[in-house]
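Listed here are the chains, written in short residue letters.
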Amino acid sequence: MIKDYLQANLGYTDYQIEQIRYTVVSVLSELSKLFIMGVFFALTHCIPQYLVAIIVLLILRTCTGGLHFKHYVSCLLVSFFIFYLSICQLPDITLPRPIYFTLLLVCVIINYLFAPVVSSCRPIPSGIQIKKSKRQSFAMITLYAVIMFILPSSQYIITGFWIIQLQTLQLIAAKFQKRRCDL
């Protein structure tokens, strides 16, 4: 068995093996959700937008955290809903250019105030980690605003914009949920 090998040959403790197991299960779970959603977006001919949405969400979510679900299906459904809205529905809404930048500024402020919201399975971040997370989200959204300013609007740019908006909304929800649980 792998556990016996890791303990006998590499000197891993039960705790370290459990950490490895948790990491592997988490990565496989996330990859399977991305694959399932990818099948849908491939069938709807939206793979390029889906890949852009994944990149933007991955960068932002790793520094801000957000809603965390205990069950695979609930996480998959909420993730699918966010991707579906960002890729298939919200890009049809045309906003005046200044509104895009105003909404991104609001996102910068909200992410700076609320981030990070980590899973209850993860350790509470230190003050230094919290400041780093806030700076990263500030930099990422600001950089995205610069990209939107420089490049002409495209379905990819707009998809990323909506991912930022929805990630920020779910960050607000996560912060209020965490506060409610802490009471």
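Residues numbered from 1 in each chain as written. Predicted model: local features only at pLDDT ≥ 70, side-chain atom pairs only at ≥ 80, totals over all residues. Heavy atoms only, no water.

### A word on the overall build of the chain
Looking only at helices and strands, the chain features seven helices and zero strands. Reading the chain from its N end, one meets helices and strands in the order α-α-α-α-α-α-α. Along the first, second and third principal axes, the C-alpha set of the chain runs to 65 × 40 × 30 Å. Relative to its full complement of 183 residues, the chain shows a buried share of 36%. Each charge class in the chain was averaged separately, 15 positive and 6 negative side chains, and the resulting centres sit 13 Å apart. (Helix = DSSP H or I, 4+ residues; strand = E, 2+ residues; numbered from the N terminus. Buried < 20%, exposed > 50% of the residue type's maximum accessible area, 1.4 Å probe, protein only. Lys, Arg positive; Asp, Glu negative; His and termini not counted. Charge placed at Lys NZ, Arg CZ, Asp CG, Glu CD.)

### Details of a nonpolar patch on the surface
A cluster of nonpolar side chains, Tyr5, Leu10, Tyr12, Ile20, Val24, Val27, Leu28 and Leu31, forms an exposed patch at the surface whose accessible area comes to about 730 Å². At the level of secondary structure, the elements contributing two or more residues to the nonpolar patch comprise helix H1 (2-10) and helix H2 (14-43). On the secondary structure map, Leu10 appears in helix H1. (Patch = residues over 30% accessible without salt bridge, like charges linked within 9 Å, V, L, I, M, F, W, Y side chains within 5 Å. Areas by Shrake-Rupley, 256 points an atom, 1.4 Å probe, with all protein chains shown as cover. Salt bridge = Lys/Arg side-chain N within 4 Å of Asp/Glu carboxyl O.)

### Side note on the packing of helix H3 (residues 47-64) against helix H7 (residues 155-182)
It is at 9 Å that the axes of H3 and H7 come closest, and there the two elements cross at 35°. Where H3 crosses over H7, the two elements pack in a sense that is right-handed. Residues Pro48, Gln49, Val52, Ala53, Val56, Leu57, Leu60, Arg61 and Thr64 of H3 form the contact with H7, whose participating residues are Gln155, Tyr156, Thr159, Gly160, Ile163, Ile164, Gln167, Gln170 and Leu171. Tallied by class, residues from the contact of H3 with H7 come to 10 nonpolar, seven polar and one charged. (Axes fitted to C-alpha atoms, helices over the stretch in contact; angles between N-to-C directions. Left-handed = near helix turned anticlockwise from the far one by under 90°. Contact = heavy atoms within 4.5 Å. Nonpolar A, V, L, I, M, F, W, Y, C, P; charged D, E, K, R; others polar.)

### Focus: helix H4 (residues 72-89)
The α-helix advances 3.6 residues per turn, and as a result positions three or four apart in sequence lie on the same side. Look at H4: 24 Å from first C-alpha to last across 18 residues, which is about the 26 Å you get at 1.5 Å a residue. For H4, the full list of buried residues reads Cys75, Leu76, Ser79, Ile82, Phe83, Leu85, Ser86 and Ile87. Taken together, the buried residues of H4 touch H2, H3 and H7. (Expected span 1.5 Å × (residues − 1).)

### Digging into the confidence of the model for the chain
Looking at the chain, the pLDDT average stands at 92 and 99% of residues meet or exceed 70. Per-element confidence in the chain is highest for H4, whose mean pLDDT is 97, and lowest for H1, whose mean pLDDT is 79. (pLDDT = per-residue confidence, 0-100.)

### Concerning the state of the cysteines
Counted under the stated rule, the structure contains zero disulfides. Note on Cys63: no disulfide assigned, nearest cysteine sulfur contributed by Cys107 at a separation of 13 Å. Its relative accessible area of 2% is what places Cys107 among the buried residues. (Disulfide = S-S within 2.5 Å.)

### A few points about the nonpolar core
Ranked by internal contacts, the top residues of the largest apolar core, which has 32 residues, are Phe83, Ile141, Met148 and Ile164. Among the elements of the structure, H2, H3, H4, helix H5 (97-114), helix H6 (127-150) and H7 are those that each provide at least two residues to this core. Formed by seven residues, the second largest nonpolar core is a distinct cluster that contains Leu67, Ile110, Ala115 and Ala174. (Core = buried A, V, L, I, M, F, W, Y, C linked by side-chain atoms within 4.5 Å.)

### Examining the layout of surface pockets
Considered as a void within the structure, the largest pocket measures approximately 1900 Å³ in volume. Elements supplying a minimum of two residues to the lining of the largest pocket: H2, H3, H4, H6 and H7. With 10 residues, the top contributor of residues to the lining of the largest pocket is H2. Of the residues in the lining of the largest pocket, the class split is 25 nonpolar, 17 polar and eight charged. Estimates place the volume of the second largest pocket at around 200 Å³. Around the second largest pocket, the lining residues are Tyr15, Glu18, Gln19, Tyr22, Thr23, Cys121, Arg122 and Pro123. Across the lining of the second largest pocket, the residue classes break down as four nonpolar, two polar and two charged. (1 Å grid on protein atoms, 1.4 Å probe; cavity = no way out; pocket = protein on both sides within 12 Å on 5 of 7 lines; lining within 4 Å. Points joined across faces, edges and corners; volume = space filled by probe spheres on them.)

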